[in-house]
Amino acid sequence: MTIQIEQARRLAAQSKRPVFFTGAGMSADSGIPTFRDALTGLWARYDPTELATGDAFARDPKLVWSFYEYRRDIVRRCAPNAGHRAIAAFERDGKQVAVVTQNVDGFHQLTGSSQVLCLHGNIMENRCHHGCAGVFPAIAAADPGGPVPPICQGCGRRSIRPNVVWFGETLDEDILLRAASAVHECDLMVVVGTSGVVYPAAGLADLALRIGKPFVEINPEPTSWSEKATLYLRGRASEIVPQILGDGEH
Ligand code: BV8
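Participant: Looking at this model, I keep getting lost on the domain arrangement of the protein chain. Mind explaining?
Facilitator: By a widespread convention, an interface's size corresponds to the accessible area lost as its parts come together. Split into domains, the protein chain comes out as domain 1 (1-31 + 80-120 + 170-250) and domain 2 (33-77 + 125-164). On a C-alpha basis, the centroid separation for the pair domain 1 and domain 2 is 27 Å. Around 610 Å² of area is buried between domain 1 and domain 2 when both sides are counted, 67% of it from carbon and sulfur atoms. In this assembly, domain 1 and domain 2 are joined by 0 salt bridges. Remark: the boundary between domain 1 and domain 2 carries 0 residue pairs in polar contact (both at pLDDT 80 or more). Across the side of domain 1 that touches domain 2, the residue classes tally to 5 nonpolar, 4 polar and 1 charged.

The structure is reproduced here in structure tokens:
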């Protein structure tokens with residue numbers, strides 16, 4: 001075990017209120033493509049940041065709906081990995097673990113993490129684009145008429161969309177405030193698998209550094225935080241996270 005892993009393991013063991021701030025790299029080893037990876041096949045020629053917007057949905061609802069049905073299909077065929085499980089198991093050691101995730105796959109909740117703040121929503125849920133009440137599970141549609149947004153029972157328009165935060169849309173203020181207070185109250189910030197490109201989410205890691213929190217980053221590629229981190233562990237989440245937290249498999 002490298003010295004760095006041992007140091008990170010010690011920081012984790014001593015922490016009582018760790019925050020795990022996770023991005024797409026947390027689920028990469030589950031088989032879910034990250035945003036930076038070129039999405040394979042049909043989507044290789046589209047930029048997710050161009051498709052994950054209200055404008056795109058207004059302009060071409062079928063294309064955006066198909067983009068999400070394609071990604072939901074991937075999520076349905078994947079499963080949480082040892083990194084998700086190790087974070088969930090870390091709670092069983094009586095620590096107050098907060099997970100602040102940018103991911104929309106629901107994998108932290110699925111593995112039993114009890115305090116999960118989903119900054120960008122959940123791709124496996126739907127809601128009306130015009131704000132009609134209700135969030136409901138996205139079921140694999142039979143697509144009789146091909147992938148088109150379903151009709152909202154509230155307003156009768158074909159305006160059902162995934163329950164995620166699109167670029168140009170504001171985050172849920174309460175969730176963001178709770179995430180910021182979790183960072184203020186934590187005694188360890190563990191940043192896993194995020195390129196730190198998207199704001200205001202990435203501002204939470206900036207905040208942790210600014211207020212001097214012990215900061216451990218896990219990523220196979222360095223980011224703008226890596227040289228300022230207390231420890232930067234170059235590696236994959238599904239390998240490194242279980243090593244520093246204990247693997248949660250026993
Ligand atoms: C907003 C849901 C008000 C949808 C997503 C400053 C302040 C505020 C806003 C902005 C700002 N600057 C710019 C903006 C606008 C914009 C933004 O940030 N744009 C970026 C592109 C520059 N932000 C917004 O629009 C936000 N809204 O602030 O509203 C406003 C509005 C307009 C203008 C001003 C203010 C809303 C942003 C939310 C967008 N929705 N997701 C969906 O999923 O379809 S974001 C989506 O992309 C993800 O949720 C995630 O947040 C982001 C991708 O980032 P990562 O998770 O880091 O993934 P990435 O692929 O980039 O990196 C993967 C990392 O994993 C890499 O580092 C890689 O090395 C590593 N890795 C790979 N394999 C592994 C691994 N790590 C570990 N293990 C491995 N095996």
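Following the structure, the description resumes.
Participant: Looking at this structure, how should I read the side chain of threonine 53?
Facilitator: Position of threonine 53 among the secondary structure elements: in the loop between helix H3 (48-51) and helix H4 (54-59). A polar contact of 2.9 Å, which involves the side chain of threonine 53, links it to the backbone nitrogen of alanine 56. Setting aside anything within four residues of it in sequence, one finds threonine 53 in contact with Trp166 and Phe167.

Participant: Hey, could you run me through the packing of helix H8 (residues 173-185) against helix H9 (residues 203-210) in this one?
Facilitator: Between two packed helices, the angle of one axis relative to the other and the distance separating the axes together describe the packing. Relative orientation of the contacting elements H8 and H9 amounts to 25°, with a least axis distance of 9 Å. In terms of axis orientation, H8 runs roughly parallel to H9. Here H8 runs over H9; the crossing is right-handed. Across the interface between the two elements, Leu176, Ala179, Ala180, Val183 and His184 of H8 pack against Leu204, Leu207 and Ala208 of H9. In terms of residue class, the contact of H8 with H9 is built from 7 nonpolar, 1 polar and no charged.

Analysis parameters
- Here the residue numbers are simple positions, counted from 1 along each chain's written sequence.
- Residues qualify for local features only when their pLDDT is at least 70, as the model is predicted, and side-chain atom pairs are given and counted only at 80 or more; totals for whole chains, interfaces and linings, by contrast, use all residues.
- Hydrogens and waters are ignored; side-chain quantities use all the structure's heavy atoms.
- Domain limits in this description derive from either an automatic procedure or a database domain assignment.
- Computed with a 1.4 Å rolling probe, the buried area is the accessible surface lost when two parts are put together, summed over both parts.
- When a carboxyl oxygen of Asp or Glu lies within 4 Å of a side-chain nitrogen of Lys or Arg, that pair is called a salt bridge.
- In protein, a polar contact requires one atom able to donate a hydrogen and another able to accept it; more generally it is a pair of N or O atoms within 3.5 Å, and residues adjacent in sequence count only if both atoms are side-chain atoms.
- Under the grouping applied here, Gly and all other residues not named as nonpolar or charged are polar, the nonpolar ones being Ala, Val, Leu, Ile, Met, Phe, Trp, Tyr, Cys and Pro and the charged ones Asp, Glu, Lys and Arg.
- Secondary structure elements are defined from DSSP: runs of H or I of at least 4 residues count as helices, runs of E of at least 2 residues count as strands, and each element is numbered from the N terminus.
- Any two residues whose heavy atoms approach within 4.5 Å are treated as being in contact.
- Only C-alpha atoms enter the line fits that serve as axes; for helices the fit covers just the stretch in contact. Angles between N-to-C directions range over 0 to 180 degrees.
- Any angle between 65 and 115 degrees counts as roughly perpendicular, while under 35 counts as roughly parallel, over 145 as roughly antiparallel, and the rest as oblique.
- The handedness criterion is simple: a crossing whose near helix is rotated anticlockwise from the far helix by less than a right angle is left-handed, and one whose near helix is rotated clockwise is right-handed.

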